[in-house]
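# Per-entry structural report
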Amino acid sequence: MTSLQPTQLLNTEERINQVVALLKAGECVALPTETVYGLAADATNSDAVAKIFTAKGRPTNHPLIVHIPNQSHVHRWAKNVNKAAITLADAFWPGPLTLILNAKDDLNSPVTGGLPTIGLRVPAHPEFLAVLKRLNTGLAAPSANRYKQLSPINAAHVMRDLNDRISAVLQGGECNVGIESTIVDASSEQLRILRPGPISAADILQKTGLHVSTPHSHNEVVPGNVKAHYQPHAPAMLANTEDFAKILSERSQGKSHYLTYSTQVQQQLLASDIPSERITKLSSCPIEYAKNMYKALHLIDEKTPLNIYIEKPPIGSEWAAVNDRLSRGTTVFVG
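Described below are features of the structure shown in this document.

Attention now moves to the sheet that holds strand 12 (residues 236–239). With parallel pairing, the five strands of this open sheet are ordered in space as 14-13-15-12-16. Only two strands of the sheet have a single partner each, and these edge strands are strand 14 (279–281) and strand 16 (331–332). Here four bridges tie strand 12 to strand 15 (residues 307–311), and the two strands are oriented parallel to one another. The residue bridging A236 from the neighbouring strand is I308, located in strand 15. The sheet contacts of helix 9 (residues 263–271) involve strand 13 (256–260), strand 14 and strand 15, and relative to strand 14 the element is tilted by about 165 degrees.

Attention shifts here to the pattern of salt bridges. All chains considered together, the criterion is met by ten salt bridges. Between R15 and E127 there is a salt bridge, and its shortest N-O distance comes to 2.4 Å. With a gap of 112 residues between them, R15 in helix 1 (residues 15–24) and E127 in helix 5 (residues 126–135) connect regions that are remote in the sequence. Among the residues examined, R15 registers a relative accessible area of 22% and is labelled partly exposed. The buried category is assigned to E127, whose relative accessible area is 13%. For the salt bridge of D105 with K79, the shortest nitrogen-to-oxygen distance reads 2.5 Å. Note that D105 is positioned in the loop between strand 6 (97–103) and strand 7 (117–121) and K79 in strand 5 (residues 78–79), a separation of 26 residues in sequence.

Here we come to the pairing of strand 15. Of all the five residues making up strand 15, five are buried; the element is thus mostly covered by neighbouring parts of the structure. Residue alternation in strand 15 divides its side chains into two sets, N307, Y309 and E311 and I308 and I310, and both sets are buried. Two strands pair when backbone bridges link them, and strand 13 and strand 15 are joined in this way by four bridges, in the parallel orientation. The partner of H257 across the bridge, within strand 15, is I308.

The subject of this paragraph is the side chain of S151. As for its placement among the helices and strands, S151 is situated in the loop between strand 8 (139–140) and helix 6 (155–162). When its relative accessible area of 1% is taken as the criterion, S151 is described as buried.

Further remarks concern helix 11 (residues 320–329). Each full turn of the α-helix corresponds to 3.6 residues, which orients residues three or four apart in the same direction. When you tally the buried positions in helix 11, you get eight out of ten residues, the bulk of the element. Burial in helix 11 covers these residues: A321, V322, N323, D324, R325, L326, R328 and G329. Of the surrounding elements, those touching the buried residues of helix 11 are strand 11 (192–195), strand 12, helix 10 (286–302) and strand 15.

Leaving glycine aside, a negative phi is the common case for residues, and trans is the common case for peptide bonds. A cis geometry characterises the amide bond from W93 onward to P94, with omega recorded as -5 degrees. Secondary-structure assignment places P94 in the loop between helix 4 (83–92) and strand 6. Phi at N136 is positive, roughly 60 degrees, even though this residue is not glycine. Mapped onto the secondary structure, N136 falls in the loop between helix 5 and strand 8.

Attention now goes to the nonpolar core. If you look at the biggest cluster of nonpolar residues, it comprises 91 residues, and the most contacted ones within it are L99, L120 and Y289. Here this core takes seven residues from helix 10, the largest share from any one element. Non-local contacts of L120, meaning those with residues more than four positions away in its chain, are made with V66, I68, V74, W77, A78, W93, L97, T98, L99 and L101. Listed in part, the twelve residues of the second largest apolar core include I247, Y258, L269 and I279.

Within this structure, the stated rule accounts for five aromatic pairs. Seen in terms of ring centroids, Y258 and Y309 are 5.6 Å apart; in terms of plane orientation they differ by 15 degrees. Their pairing is stacked. Note that Y258 is positioned in strand 13 and Y309 in strand 15, a separation of 51 residues in sequence. Assigned by exposure class, Y258 and Y309 land together as buried. Note that K207 overlies the ring of F92, its terminal NZ or CZ placed 5.2 Å from the centroid.

Reading the values: the criteria
- Residues numbered from 1 in each chain as written.
- Predicted model: local features only at pLDDT ≥ 70, side-chain atom pairs only at ≥ 80, totals over all residues.
- Heavy atoms only, no water.
- Pairing = 2+ DSSP bridges.
- Helix = DSSP H or I, 4+ residues; strand = E, 2+ residues; numbered from the N terminus.
- Contact = heavy atoms within 4.5 Å.
- Axes fitted to C-alpha atoms, helices over the stretch in contact; angles between N-to-C directions.
- Salt bridge = Lys/Arg side-chain N within 4 Å of Asp/Glu carboxyl O.
- Buried < 20%, exposed > 50% of the residue type's maximum accessible area, 1.4 Å probe, protein only.
- Core = buried A, V, L, I, M, F, W, Y, C linked by side-chain atoms within 4.5 Å.
- Phe/Tyr/Trp six-rings, centres within 6.5 Å; stacked < 30°, edge-to-face > 60°.
- Lys NZ or Arg CZ within 6 Å of the ring centre and 35° of its normal.

Structure, rendered in structure tokens:
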């Protein structure tokens, strides 16, 4: 189902007022956060939240993160909030950390996906916070893209995916983190990272003294935790560094694109006469790689390649978020 009017791109001085008015009217608006652009709707309005699922094509049993203006709003949504959760909120909010907490018993909202828990976050983007403070309530806001597609880090990405499906997009520049928030289960005393992100277990330990486990697998349903997700339109294959010699020796004459982080693979590609416009090199620094990963994949998709070969980044906790997203958006090259 599409919106009756074309999606507005809001970039005037009155844009915050326009966003607030649309959200109060029960509409969906894409807003910038420090992580990725989110598709926001009033989390207390079930009809408005339903429009998020429709616009994205997202299953309604998948929970949504609720963004709140400050920590004092936690108790409007959650119960039995433990000291560890409060410590995490004090240390990392506003910022790219989502806390899974026990939902209030009387909470009647589709944001939980039917679960007894709720995900809460205070975003760090000034314009999103300005909207939240004006509304003085929570906004459900998953990534502003079609379900399972690449997350958007600028307004143009949102418009390509959701034009005519939502009311408006707030133009807020590019997201400066570029990857979705870390999700920590703080519903019990045993803290666990359920989705890796910009804040690692080591960051949490260093800043708070709290130990957080990072299970290799878990059964909890949290945003982004489906096997196939974060996918470019072109088929993407994840290949080890040492596989590229074989890829280049056996590649078809089709228009493939190559995403690499190492000088070694970049030199192999150039030596094989791959045109430079079909090679994208990202940083070997995990923070910079994560910041630019979605942007690079969007740009590659615009070139409509036959497929994309992605050099698998290193293994390690600092690369956990990047590897998590790439593992869900690609198949594995078998040499």
